[in-house]
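If you want the building blocks of each chain, they are given just below.
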Amino acid sequence: MPTAADLDAAIRDVPDFPKPGILFKDITPVLGDATLFKASLDLLAETAGEHQIDKVVGIDARGFIFAAGVAQLLGAGFVPVRKKGKLPWTTHEMAYTLEYGESIVEIHADAVKPGEKILLVDDLLATGGTAAASIKLLKALDADIVAVSFLIELASLKGRDALVHPHINAILTY
Ligand code: AMP
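Each value, and the rule that gives it
- Residues numbered from 1 in each chain as written.
- Predicted model: local features only at pLDDT ≥ 70, side-chain atom pairs only at ≥ 80, totals over all residues.
- Heavy atoms only, no water.
- Helix = DSSP H or I, 4+ residues; strand = E, 2+ residues; numbered from the N terminus.
- Expected span 1.5 Å × (residues − 1).
- Buried < 20%, exposed > 50% of the residue type's maximum accessible area, 1.4 Å probe, protein only.
- Core = buried A, V, L, I, M, F, W, Y, C linked by side-chain atoms within 4.5 Å.
- Contact = heavy atoms within 4.5 Å.
- Salt bridge = Lys/Arg side-chain N within 4 Å of Asp/Glu carboxyl O.
- Axes fitted to C-alpha atoms, helices over the stretch in contact; angles between N-to-C directions.
- Parallel < 35°, antiparallel > 145°, perpendicular 65-115°, else oblique.
- Left-handed = near helix turned anticlockwise from the far one by under 90°.
- Nonpolar A, V, L, I, M, F, W, Y, C, P; charged D, E, K, R; others polar.
- pLDDT = per-residue confidence, 0-100.
- Pairing = 2+ DSSP bridges.

*Asks:* Before we move on, could you go through helix α5 (residues 129-140) and cite the residues and values that matter?
*Replies:* Here α5 contains 12 residues, and its C-alpha end-to-end distance of 17 Å stays within 8% of the 16 Å for a straight helix at 1.5 Å per residue. Burial analysis of α5 places nine of its 12 residues in the buried class, the great majority of the element. Regarding α5, the residues found buried are Gly129, Thr130, Ala131, Ala132, Ala133, Ser134, Ile135, Leu137 and Leu138. Positioned one or two residues after α5, Asp142 has a phi angle of 60°, which is positive.

*Asks:* Give a description of the nonpolar core that names residues and reports values.
*Replies:* Residues Leu7, Val56, Leu119 and Ile152 are the most contacted members of the largest nonpolar core, which totals 29 residues. In terms of residues, this core owes the most to one element, helix α3 (residues 34-46), which gives five residues. Apart from the residues lying within four places of it in its own chain, the contact partners of Leu119 are Leu44, Thr47, Ala48, Ile53, Lys55, Val56, Val57, Val70, Leu74, Ala147 and Ser149. Ranked by size, the runner-up nonpolar core spans 25 residues in total, among them Val112, Leu120, Ala133 and Ile145.

*Asks:* Outline the pattern of salt bridges, supporting the account with residue identities and numerical values.
*Replies:* Under the counting rule described, the total for this entry stands at 10 salt bridges. The partner of Lys84 in a salt bridge is Glu106, with the nearest N and O atoms 4.0 Å apart. With a gap of 22 residues between them, Lys84 in the loop between β4 (77-83) and β5 (91-98) and Glu106 in strand β6 (residues 101-108) connect regions that are remote in the sequence. Residue classification places Lys84 among the partly exposed positions, given a relative accessible area of 46%. The closest approach of N and O atoms between Arg160 and Glu153, which form a salt bridge, is 2.9 Å. Within the structure, one salt-bridge network assembled from shared partners comprises Lys84, Glu93 and Glu106.

*Asks:* Give me the packing of α3 against helix α4 (residues 62-74): which residues, what numbers.
*Replies:* Viewed as axis vectors pointing N to C, α3 and α4 meet at an angle of 65°, and their least axial separation amounts to 9 Å. In terms of axis orientation, α3 runs roughly perpendicular to α4. Note that α3 runs across α4; the crossing there is right-handed. Contact residues: α3 offers Phe37, Ser40, Leu41, Asp42, Leu44 and Ala45, while α4 offers Ile65, Phe66, Gly69, Val70, Leu73 and Leu74. Of the residues that constitute the contact of α3 with α4, the class distribution is nine nonpolar, two polar and one charged.

*Asks:* An account of the environment of Tyr96 is needed here, citing residue identities and associated values.
*Replies:* Along the chain, Tyr96 turns up in strand β5. Aside from chain neighbours lying at most four places away, what touches Tyr96 is Lys83, Glu102, Ser103, Ile104, Val105, Gly129, Thr130 and Ala133.

*Asks:* Lay out the confidence of the model for the chain in plain terms, naming residues and giving numbers.
*Replies:* In the predicted model, the chain carries a mean pLDDT of 96, and 98% of its residues have values of at least 70. At the level of individual helices and strands, the chain shows its lowest average pLDDT in β5, which scores 91, and its highest in strand β3 (residues 55-59), which scores 99.

*Asks:* Quick one: what's the story with the side chain of His108, residue by residue and with numbers?
*Replies:* Checked against the element boundaries, His108 lands in strand β6. Accessibility expressed as a relative area gives 17% for His108, which makes it buried. Setting aside chain neighbours within four positions, we find His108 in contact with Leu87, Pro88, Trp89, Thr90, Thr91 and Leu141.

*Asks:* Tell me what's going on with the pairing of β4, and back it up with residues and numbers.
*Replies:* Where β3 lies against β4, five bridges are found, and the strand directions are parallel. Bridge pairing in β4 places Gly58 opposite Pro80. Across two bridges, β4 lies against β6 in antiparallel orientation. Considered in β6, the bridge of Lys83 is made with Val105.

Okay, structure coming up:
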C-alpha cells in the first residue's frame, strides 16, 4: 500500500489560487490515481481506531469525496455538511470565517441521532473555521464525535487550536 509520503508526492501546490497569497493544495492527482485514492481512504478510515462508527460526516465539497469512501470502508452511513442553501430538508446552520472568505454551513436536523458515533472528515485543515462550525452543528444534534480527520493539515495556520476536540488527525502535515 502506498504511504503518506506517496500521497505527499502526488499533491500539487498551486500558488495564488483562488486568491493571491493562498498556496492551494490540489488533491485531484490523488483522486485520479486508483491506488493513491484507495490509500488515502484506508489511512483516513484507520483514524477511527477500534470505534464502531455510525456516520461519517463530510464537509462540502472535497470532504464528501473522502468521507463517502471512508463511510463505505467502515460500514457506516454518510452525512453531508453543506454550504448554506443546498440541503432541501429542515437544517441547523452555523456561520464561520475561512482562510479566504466567510460562509455558513448547514446539516439536516435529522441527519444524526443523539449519541451516534461520528467520524468527521475533510480534505484539509486550514484555519479550522469550517471544521469548528461543523463540530458545533454535530454537538447541537448531541452526536458523539469520536475523531476529526483530515488528509492535510496546514500547521502554520493553527487550525487545530480552533477545534475543541481531543482527537484530531491529519495524514499529512505541512
Ligand atoms: P478552514 O476553514 O480555514 O480550515 O478551511 C478549510 C476548507 O477550505 C477545507 O474544506 C479546504 O477544502 C479549503 N481550503 C482552505 N485552504 C486551502 C488550501 N490552502 N488548499 C486547499 N484547500 C483549502
